[in-house]
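Observations on the model geometry
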Amino acid sequence: RNAVSIFGELKYRPAAPPLMEKLRNPSYDHVRPSILSVLGDLGDTSAIPALIEFSQSPKERERIGAVSSLGKLMDPRGFRAIFTALRDSAYTVRSAAILAIAAQGRDVLPDLASELESQDPAYLEWLLIAAADLAVHWQSNDTLKTHVKEIVPLVKKYLEHPDTRVQGAALVAAASAMDPTTYAQAAVKFAESQVPILQARLRQANQRVK
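These numbers were taken from a predicted model, which means no experiment stands behind them. (Residues numbered from 1 in each chain as written. Predicted model: local features only at pLDDT ≥ 70, side-chain atom pairs only at ≥ 80, totals over all residues. Heavy atoms only, no water.)

**Quick look at the pattern of salt bridges**
To keep things clear, this is the line we draw: The term salt bridge refers to a side-chain nitrogen of Lys or Arg lying within 4 Å of a carboxyl oxygen of Asp or Glu. Think of it this way: any DSSP run of H or I at least four residues long counts as a helix, any run of E at least two long counts as a strand, and we number them from the N terminus. Each residue's exposure class comes from its accessible area (1.4 Å probe, protein chains only) as a fraction of the maximum for that residue type: buried when under 20%, exposed when over 50%, partly exposed otherwise.
Under the criterion given, the structure shown has 15 salt bridges. Put simply, arginine 24 and glutamate 53 hold a salt bridge, and the shortest N to O gap is 2.8 Å. One end of the pair, arginine 24, is in the loop between α2 (16-22) and α3 (32-42); the other, glutamate 53, is in helix α4 (residues 48-54), and 29 residues separate them in sequence. A relative accessible area of 48% places arginine 24 in the partly exposed class. Ionic pairing is found between arginine 80 and aspartate 111, a salt bridge with its closest N-O pair at 4.0 Å. With arginine 80 in helix α6 (residues 79-85) and aspartate 111 in helix α8 (residues 109-115), the pair connects residues that are 31 residues apart, well separated along the chain. Among the residues examined, aspartate 111 registers a relative accessible area of 21% and is labelled partly exposed. Because the salt bridges share partners, they merge into one network encompassing Asp29, Arg32 and Glu62.

**Things to note about unusual backbone geometry**
Positive phi, close to 55°, is recorded for lysine 11, a residue that is not glycine. As for its position among the elements, lysine 11 is in the loop between α1 (2-10) and α2. One non-glycine residue, methionine 74, adopts positive backbone phi at about 55°. Along the chain, methionine 74 turns up in the loop between α5 (60-73) and α6. The class for methionine 74 is partly exposed, based on a relative accessible area of 43%.

As far as function goes, none of this settles anything; it's purely spatial.
Have a look at this one:
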């Protein structure tokens, strides 16, 4: 486990092939989650098929490691598995999927837009939180910062969604992607809400406004 960790810290790409071979070796079951987590650090995209497979593992830690690495590799071939993980029964896996989505560039927008057509409020809530973190990531990147406005139309319409969970998550995403003036206009009606989840999301959203 320590050796695997060191390979990751050094981003030692030649370690990827032998580590991938060990994924199938029962003798390495105890370190498989560590291997899956490190493969993304090594930057070898030939690991993507294996990572997609293990993102469906019955073991939670293996799913976390696989999804995390798919996010680090930033390859569109892994997007479907990442979005699938956002529906996972385990909170930890869904959280890993949010971080994975938030790490992406503009290539993820078509997939995000497609997933946001879902009719499942619980899934929409997670998608919108991922969109919020994606906007934050882009705001901190000089190359991507000018493209944050492309996230706005994806999340804006959900401010009117009938489900308060979706509304609240959309408000956080709006605060992360909109300019302060536009956000302030969008948030006016939320300031008068007595719904606890909307009050909590409003506080969270206001903390994100620059």
